Amino acid sequence: MVKRKVAALEKLDADLQWEQYESQREIFLTNPTGGTADSIETFHNMIDLIAHVADCYPEETKTYPDDLKLILNEHHVVLHPDLRDKVVGSLVLLRRKDVIDSANLLTTLFPILVSSPSKTLRELLFQKILSDMRNSNSKSINHPLNRTVQTVLYNLVTADRSSPRAIWAIKLTRELWKRQIWTDAKPVDVMKEACLSDNEKVVIGATRFFLGGDKEREELEDDSSDDEVDLSKIRHQIGINKKTKKQKKTYDKAVNKVRRDQQKKAKPHPLNFSALHLLHDPQGFVEQLFSKHLQNTKSKLSLDSKLLVLQLVTRLVGLHKLTVVALYSWFIKYLTPRQHSVTSILASLAQGTHSLVPPDVLEPLIQKIANEFVSEAAAAEVAAAGLNSIREICARQPLAMTDTLLQDLVQYRKSKDKGVMMAAKGLLSLYREVGAELLQRKDRGKNATIGLKNGLQHQQKFGEEAVGSIEGLDLLAKWKDEEKKRRRLEKGLPETAGSAEEKDNEEDDFDSDEWEVGSDDSSDSGGEWINVEHSDDEAPAAKKQKKADGASDTDHEPSSTAAQLERMQLLATTTILTPADLAKLQELRAAAAIESAASGHRRRNNPDSSRHTDDGLTAENIEAPAKLRKLTKEEKVALAKEGKPDREEHKSTQAIKKSKKEAAGKSTSNREKARKKNFLMTLGKAKSKQKRSLVETRKVLRGHVERSTRGGRRRNFA
């Protein structure tokens, strides 16, 4: 009975509050701009109250969300800022209480976002929309909602090409892509259409997404993975210190984060494709982008904006190996040292080159770069930039170089400027690997000469692709040979097997051992490994070939490269890689990478070896590194200050110690005090020194030596 009375009283109170809200709403709607401060505050409080209890009284408040939408849609321009923010916050609160769904909320907020003149309101709406999208996709991907929002953004971009409203579609898409909420091709299509817009801000925003959106996503993922939590340390700290609510909250937060991290590790790793790889019809997109923003003389883009679009065009051309012949003739007029941002243009030209570009299209460009940049009269920075750009172009299409021009450019390795010398040496080392036939005999080097002589090295023809292989397979073959030798030595046998039968038995034993290694997971399946028997046409032929090759090895003694290639081919064609082989291969790759990084030998020989082929080129790759030229005094001081923020000015170590002593109020030594003594105080001693005889001088020096040997005047020695 008491419960019924309490419920009736609550119902009566709710009805009274709802009637009061309706009266306040009617008063507000009659005059949205002329309300007093008290009436606005009263209506503000009523909206807040109804929003918090709306889920408890769904029948009475069923019209409440529509009232808020009406107020916000029709009067958001004239609403008081506090009241406007409260209406937006109440709608978001209703969404969290599942009174309204996400589609209902977003279709209300997004039109106001793209049309409101208030900057603070736009920022608030953007954050609310973004947070709602994140919450809706937190547990699982909400495909219907994502498709709806993506369609709205796509229509916003394509409806009016000249409207700046599409910038909000770009911002929202970029944030959701960065947070890996959207990872499919639909947001890429939205950005693709934005790149073809007539508004410069929209074009630049979409272009920057393609050039840096994936990097932002990787950086955000790395930052989130760096936040490691040590539960034992936190638990120990809570046990020692006084128990407070704050410490308990911190511990609970850490536990939740560890659980989330474990759940993420248990899930399969998502395939995060790059936005550049998810483009549909990149050939058509590049042609439209090039003709609309670069080739068109009526384009209103500034030079910096055109350079960004050029980077995107050439990045796509090089990545997908597209054919846009008109692009290379477009570069001709910009290849002069006086051109603004010429190093960015050279970098774009290099990254837009690939192995399927016709060499006769690139020859005029390389010839012009050599004529304009690389000469005795050109400045050292200009010549270094020209040589670096030629090397980057030829690294992607070696056939574009002629032997006469190459032999001329290689001579700059004798330059006195370090940047020019290193650039010319880089070009020389490149062609020793990809086209040693174009070099003179004296410039080919030892490895290239041996490779040409044995037929292991040759210049690839146009359209020829290198034979694919498994990375690190040579390391695995070498490791297997060493393991076989080690086992034979442990058994007391010679390093190499004598007969073919002995070799076969040794290989069978080695392979059976490797199948057993790492087979813990397969032991539960209940089955056994099936012996795969080679046919008579395959295995014996390979072994006979190996024996024949071994006989020729003793006669001709080929280079280690030939033997290495033979081992790799034999391992790839006649052997099935076991799970243990794959695990060992990964281990050997990691060890080789660590050794290479520690020694730096690979970077010295090829500075671009650490750069992936899919990565773009920048102006810094074309310009000579700053460390190759002489630094000014200001640059040296700035370099010395780097990483030492405590120093207000550049001082020696002794000067820093002295200043710290003085700041701490400590005294100085007698020798330091004597240096600061007034000159008139030392004048008498100086005069007496001048009047000393040789006997007195000898006496003073002997006394000084005796005092130093016995530890001073007070003999304070150990």
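This structure is a prediction, so every number in the text was calculated from the model and none was measured. (Residues numbered from 1 in each chain as written. Predicted model: local features only at pLDDT ≥ 70, side-chain atom pairs only at ≥ 80, totals over all residues. Heavy atoms only, no water.)

(A) Here's a closer look at the overall build of the protein chain. Across its full length, the protein chain carries 33 helices and zero strands. Put simply, the protein chain has 718 residues, and 32% of those count as buried. Taking the intrachain contacts of the protein chain between residues at least 6 apart in sequence as the baseline, contacts between residues at least 24 apart amount to 68%. By element, 52% of the accessible surface of the protein chain is carried by carbon and sulfur atoms, the whole surface being about 45800 Å². (Helix = DSSP H or I, 4+ residues; strand = E, 2+ residues; numbered from the N terminus. Buried < 20%, exposed > 50% of the residue type's maximum accessible area, 1.4 Å probe, protein only. Contact = heavy atoms within 4.5 Å. Areas by Shrake-Rupley, 256 points an atom, 1.4 Å probe, with all protein chains shown as cover.)

(B) Focus on the packing of helix α14 (residues 303–320) against helix α16 (residues 342–351). Where α14 contacts α16, the two axes come as close as 8 Å, and the packing angle between them is 20°. When the axes of α14 and α16 are compared, the pair comes out roughly parallel. Along this stretch, α14 crosses α16, giving a crossing that reads as left-handed. Counted together, Leu307, Leu310, Gln311, Thr314, Arg315 and Gly318 of α14 and Ile345, Ser348 and Gln351 of α16 form the full contact between these two elements. Residues belonging to the contact of α14 with α16 are distributed by class as follows: three nonpolar, five polar and one charged. (Axes fitted to C-alpha atoms, helices over the stretch in contact; angles between N-to-C directions. Parallel < 35°, antiparallel > 145°, perpendicular 65-115°, else oblique. Left-handed = near helix turned anticlockwise from the far one by under 90°. Nonpolar A, V, L, I, M, F, W, Y, C, P; charged D, E, K, R; others polar.)

(C) Local environment of the pattern of salt bridges. Inspection of every chain in the model, using the stated rule, returns 17 salt bridges. Two residues, Lys86 and Asp48, come together in a salt bridge whose shortest N-O distance is 3.6 Å. Highlighted residues: Lys86 in helix α4 (residues 81–96) and Asp48 in helix α2 (residues 37–53), separated in sequence by 38 residues. Overall, the relative accessible area of 21% leaves Lys86 in the partly exposed class. Three or more residues are tied together by salt bridges with common partners; here these are Arg25, Glu26 and Asp67. (Salt bridge = Lys/Arg side-chain N within 4 Å of Asp/Glu carboxyl O.)

(D) Expanded view of the confidence of the model for the protein chain. Taken as a whole, the protein chain shows an average pLDDT of 79; of its residues, 75% reach a score of 70 or greater. Taken as a whole, residues 515–559 scores under 50 in pLDDT and shows 22 contacts with residues more than four places along the chain or in a different chain. Across residues 599–605 the pLDDT falls below 50, and counting only partners more than four positions away or on other chains, this stretch makes seven contacts in the model. (pLDDT = per-residue confidence, 0-100.)

(E) Seen up close, helix α22 (residues 473–490). Taking 1.5 Å of rise per residue, the 18 residues of α22 would be expected to cover 26 Å, and the 26 Å separating its terminal C-alpha atoms lies within 8% of that figure. Inspection of α22 places Leu473, Leu476, Ala477, Lys480, Glu483 and Arg488 among the buried residues, and these make up the whole buried set. What you see down the axis of α22 is that its buried residues fit within an arc of 130°, all on one side. Looking one or two residues past α22, Gly492 carries a phi angle of roughly 85°, positive in sign. (Expected span 1.5 Å × (residues − 1). Arc of directions from axis to C-beta.)

(F) Highlighting the packing of aromatic side chains. Applying the stated criterion to the full structure yields eleven aromatic pairs. On the numbers, 5.5 Å between centres and 70° between planes, the contact of Tyr21 with Tyr64 is edge-to-face. Placement of the pair is Tyr21 in helix α1 (residues 2–30) and Tyr64 in helix α3 (residues 64–75), with a sequence separation of 43 residues. Measuring from centroid to centroid gives 5.3 Å for Phe28 and Phe43, while their planes differ by 25°, and the two rings are stacked. On the criterion of sequence distance, the pair formed by Phe28 in helix α1 and Phe43 in helix α2 is long-range, its members being 15 residues apart. Given the relative accessible area of 9%, Phe28 is considered buried. (Phe/Tyr/Trp six-rings, centres within 6.5 Å; stacked < 30°, edge-to-face > 60°.)

(G) Looking closely at α14. Look at α14: 26 Å from first C-alpha to last across 18 residues, which is about the 26 Å you get at 1.5 Å a residue. All of the buried residues along α14 are Ser305, Leu307, Leu308, Val309, Leu310, Leu312, Val313, Thr314, Arg315, Leu316, Val317 and Leu319.

(H) Spotlight on the nonpolar core. Membership of the largest hydrophobic core comes to 124 residues, with the highest contact counts inside it found for Tyr64, Leu172, Phe210, Ile390, Met401, Leu409 and Tyr431. If one sorts the elements of this core by residue count, α14 sits on top with eight residues. Per-domain counts for this core show at least three residues from each of domain 1 (14–140) and domain 2 (319–454). (Core = buried A, V, L, I, M, F, W, Y, C linked by side-chain atoms within 4.5 Å. Domains from an automatic or database assignment.)

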